[in-house]
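# Working through the structure, step by step
So you can see what is in the structure, the chains are spelled out below.
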Amino acid sequence: MIDGLECFVTVVELGSLSRAAVQLEMAVSSVSRKIDALEEELGARLLLRSSRQVLLTDAGERFLPRARNILAELADGRNAVQELDVEPRGLLTVTAPAAFGRLHVAPAIASFLQRHPLIEVDLHVSDDVVDLSARRVDVAVRAGVLPASDLVATHLAGMNRVVSASPAYLEKHGWPASPEDLLNHECLTVNGRVPPRGWWRFQGVNGYQPLPVKGRLRCDDTDSLLHAAINGAGIVHLANWLASDAIVAGQLVPVFPMLPIENDATLRRDPNEPAIHAVHMPGRSNQAKAQLLIRHLREYFGSPAYWDVAMLAAGAAERRPRKM
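The rules behind the values
- Residues numbered from 1 in each chain as written.
- Predicted model: local features only at pLDDT ≥ 70, side-chain atom pairs only at ≥ 80, totals over all residues.
- Heavy atoms only, no water.
- Core = buried A, V, L, I, M, F, W, Y, C linked by side-chain atoms within 4.5 Å.
- Buried < 20%, exposed > 50% of the residue type's maximum accessible area, 1.4 Å probe, protein only.
- Contact = heavy atoms within 4.5 Å.
- Salt bridge = Lys/Arg side-chain N within 4 Å of Asp/Glu carboxyl O.
- Helix = DSSP H or I, 4+ residues; strand = E, 2+ residues; numbered from the N terminus.
- Arc of directions from axis to C-beta.
- Axes fitted to C-alpha atoms, helices over the stretch in contact; angles between N-to-C directions.
- Parallel < 35°, antiparallel > 145°, perpendicular 65-115°, else oblique.
- Nonpolar A, V, L, I, M, F, W, Y, C, P; charged D, E, K, R; others polar.
- Patch = residues over 30% accessible without salt bridge, like charges linked within 9 Å, V, L, I, M, F, W, Y side chains within 5 Å.
- Areas by Shrake-Rupley, 256 points an atom, 1.4 Å probe, with all protein chains shown as cover.
- Lys, Arg positive; Asp, Glu negative; His and termini not counted.
- Charge placed at Lys NZ, Arg CZ, Asp CG, Glu CD.
- Pairing = 2+ DSSP bridges.

### Some thoughts on the nonpolar core
If you look at the biggest cluster of nonpolar residues, it comprises 61 residues, and the most contacted ones within it are L182 and W241. Aside from chain neighbours lying at most four places away, what touches L182 is V163, P176, C187, W200, F202, V213, I235 and F256. By size, the runner-up hydrophobic cluster in this structure holds 19 residues, among which are L24, V54, L64 and L71.

Laid out in structure tokens, this is it:
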């Protein structure tokens, strides 16, 4: 059937059996027989053939894009199998959110390049969501909730938020006993854009709507809020992957008990909840290398993710002072 598909598409593109036969290095009669066999298998006439011209039937018009897709997928499959037998090489273009890219993607790609010395990577870190097709991006790492699209998405890690503050702030202003107590504290908030999903939301509190917390410092950059919190400016509600290093170092302390972490096998993924994903376009010539990088990112981040493991290993959840 594959030979018939190739003959059919080539005849349509060149507009004649004879020209297709030359390109395919076949006899005209052989091209005709393969198309006959394809039509018989499909149970429909695809082409109206005469000595002067070749015309698509209605069935042929509908089948042509599918035939092209089948041949393209087959070519991608062949390339992927062939690349298994050789050292992968060439350029990959990768994008990632600014803070997550600096903290976690760049080190993972450094490890990837050590493993694959013939691959080059152009890494772009920005909070702009780029069009993979227009920018010719091979892999995009995205944090948050993925919108519906034709992109192929791979789950890399879970994502939740940790309420934390510096030990100095908590010593001076006291320790909130519940999320509602945050309304009486200096809370560092986002301004100038839509707040991140889950920002100041807690299960069973305020109908899972954001608490109307207030504070004297507002900023449009969460990395800046992290450093402000470390310096005692207030309480912050940051993604686990962003707060982890400061919590492990003792610069920040989780205010409430941390959520239990789950590995990839037990994680129940809700598409409406934020997570870390890698996305790529199907059918691209670099698809095999893109999937190689995505597998490496999953392995490097781990399951559970290494930032969650580090926070628990440091005993961060036990730093809450005892009540007197």
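Don't stop here, the text continues.
### Quick look at the pattern of salt bridges
With the rule as written, the count across this model stands at 8 salt bridges. In this structure, the salt-bridge partner of R49 is D36, at a minimum N-O distance of 2.7 Å. Of the two residues, R49 is situated in strand β1 (residues 47-49) and D36 in helix α3 (residues 28-42); the sequence distance between them amounts to 13 residues. Looking at D36, the relative accessible area reads 36%, which means it is partly exposed. Residues E186 and R216 are paired through a salt bridge, measuring 3.2 Å at the closest nitrogen-oxygen approach. Here E186 is found in the loop between α6 (167-173) and β8 (189-190), whereas its partner R216 is found in the loop between β8 and β9 (218-219), with 30 residues between them in sequence. Three or more residues joined by partner-sharing salt bridges are found here, namely D36, E39, R45 and R49.

### With respect to the side chain of Q287
Among the secondary structure elements, Q287 is positioned in helix α9 (residues 287-301). Look past the residues within four positions of Q287 in its chain and what remains in contact with it is H280, M281 and P282.

### Observations regarding helix α10 (residues 306-313)
Every α-helical turn comprises 3.6 residues, leaving residues that sit three or four positions apart pointing alike. Burial in α10 covers these residues: W307, D308 and M311. Buried positions in α10, seen along its axis, are confined to an arc of 100° and lie on one side of it. Where α10 is buried, its residues meet α5 (98-115), β6 (152-158), α8 (240-248) and α9.

### Topic: the packing of helix α2 (residues 17-24) against α3
Contact geometry of α2 with α3 gives a least axis separation of 8 Å together with a crossing angle of 100°. Looking at the two axes, α2 sits roughly perpendicular to α3. Contacts between α2 and α3 involve L17, S18, A21 and L24 on the former and, on the latter, V28, V31 and I35. Residues that form the contact of α2 with α3 fall into these classes: 6 nonpolar, 1 polar and no charged.

### A look at a negative patch on the surface
A contiguous patch of negative charge, built from D127, D128, D220 and D221, is present on the exposed surface. For D221, the location among the structural elements is in the loop between β9 and α7 (222-230). Looking at D221, the relative accessible area reads 31%, which means it is partly exposed.

### Concerning the pairing of strand β7 (residues 161-165)
The buried count for β7 comes to 5 of 5 residues, which makes it a mostly enclosed element. What you see with β7 is no split at all: R161, V163 and A165 on one side and V162 and S164 on the other are buried throughout. Pairing of β7 with strand β10 (residues 236-239) involves 4 bridges; the strand directions are antiparallel. Bridge pairing links V163 to H237 in β10. With 2 bridges joining them, β7 and strand β11 (residues 253-254) adopt antiparallel strand pairing. Its bridge partner being in β11, A165 is matched across the sheet by V253.

### Overview of unusual backbone geometry
The omega torsion of the bond from S303 to P304 falls at 5°, within 30 degrees of zero and hence cis. Here the phi dihedral of Y208 falls at roughly 60°; this positive angle occurs in a residue that is not glycine. Mapped onto the elements, Y208 comes out in the loop between β8 and β9. Look at Y208 and you get partly exposed, because its relative accessible area is 28%.

### A few points about the sheet that holds β11
A sheet is described by the order of its strands in space; here 3 strands give the open sequence β10-β7-β11, paired in antiparallel fashion. Each having just a single partner strand, β10 and β11 make up the two edges of the open sheet. Against the sheet, α8 touches β7, β10 and β11, its axis set at about 110° to β10.

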